[in-house]
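Summary of structural features
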Amino acid sequence: MSFKEIKTEDFTYNPFEMIGKRWLAVAGEADGKSNVMTASWGGLGVLWGKPVAFIFLRPTRYTKEFVDKADGFSLSVFPDSDDDHHMMQYFGTVSGRDEDKIKKAGLTVLHDGGRTYFDEAELVLLCRKLYAQPMDQPFFIDKACDERWYADHQYHTTYVAEIEKLLVKE
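Residues numbered from 1 in each chain as written. Predicted model: local features only at pLDDT ≥ 70, side-chain atom pairs only at ≥ 80, totals over all residues. Heavy atoms only, no water.

**A few points about the packing of aromatic side chains**
As enumerated under the stated definition, the model contains 11 aromatic pairs in all. Taking the centre distance of 5.8 Å and the plane angle of 40° together, the rings of Tyr-90 and Phe-91 count as tilted. With respect to burial, Tyr-90 and Phe-91 carry one shared label: buried. Between the NZ or CZ atom of Lys-169 and the centre of the ring of Phe-3, over which it lies, the distance is 4.7 Å. (Phe/Tyr/Trp six-rings, centres within 6.5 Å; stacked < 30°, edge-to-face > 60°. Buried < 20%, exposed > 50% of the residue type's maximum accessible area, 1.4 Å probe, protein only. Lys NZ or Arg CZ within 6 Å of the ring centre and 35° of its normal.)

**Side note on the environment of Leu-75**
Summarising the element assignment, Leu-75 is placed in strand β6 (residues 72-77). Relative accessible area serves as the criterion here: at 1%, Leu-75 is assigned to the buried category. Taking C-alpha positions, Leu-75 is 5.9 Å from Leu-24, a pair spaced 51 residues apart along the chain. Those residues in contact with Leu-75 that sit more than four places away from it in its chain are Leu-24, Ala-25, Val-26, Ala-53, Ile-55, Leu-123, Val-124, Leu-125 and Cys-127. (Helix = DSSP H or I, 4+ residues; strand = E, 2+ residues; numbered from the N terminus. Contact = heavy atoms within 4.5 Å.)

Here it is in structure tokens:
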């Protein structure tokens, strides 16, 4: 099967279900290697006159090193099946420092402009970074969010990226 590129105005996925329930596979590519992790926080919208995705990565995540070195990253959505959900759980709990998660999951790697994505995905967003900023305690208006999610003070970095290509499985 192959992908076809669609315009953002033809995007029909529910972002709340796509990100919060099915999760995103964030893939970064640098120095001839790739890594992937699961993200269940993020969003889609328009900023600076561009279609954008925004994601949040903790400083301890190995994939963050790849995303930081590259100009962009990919966000892949896999079919809503038990096998794919187990794979996404695996991507979120095992570090790529310890094993080759992509190989172990049996995924077929594709590349576009220095970005890794996967043939098994049903939807891929190829993104170019526009902005990155670490979150910090003084900026929380709702202090309960800071207390609940950041007791360890390991604040996420927020990334805003232009969606350069939106690919759907044909």
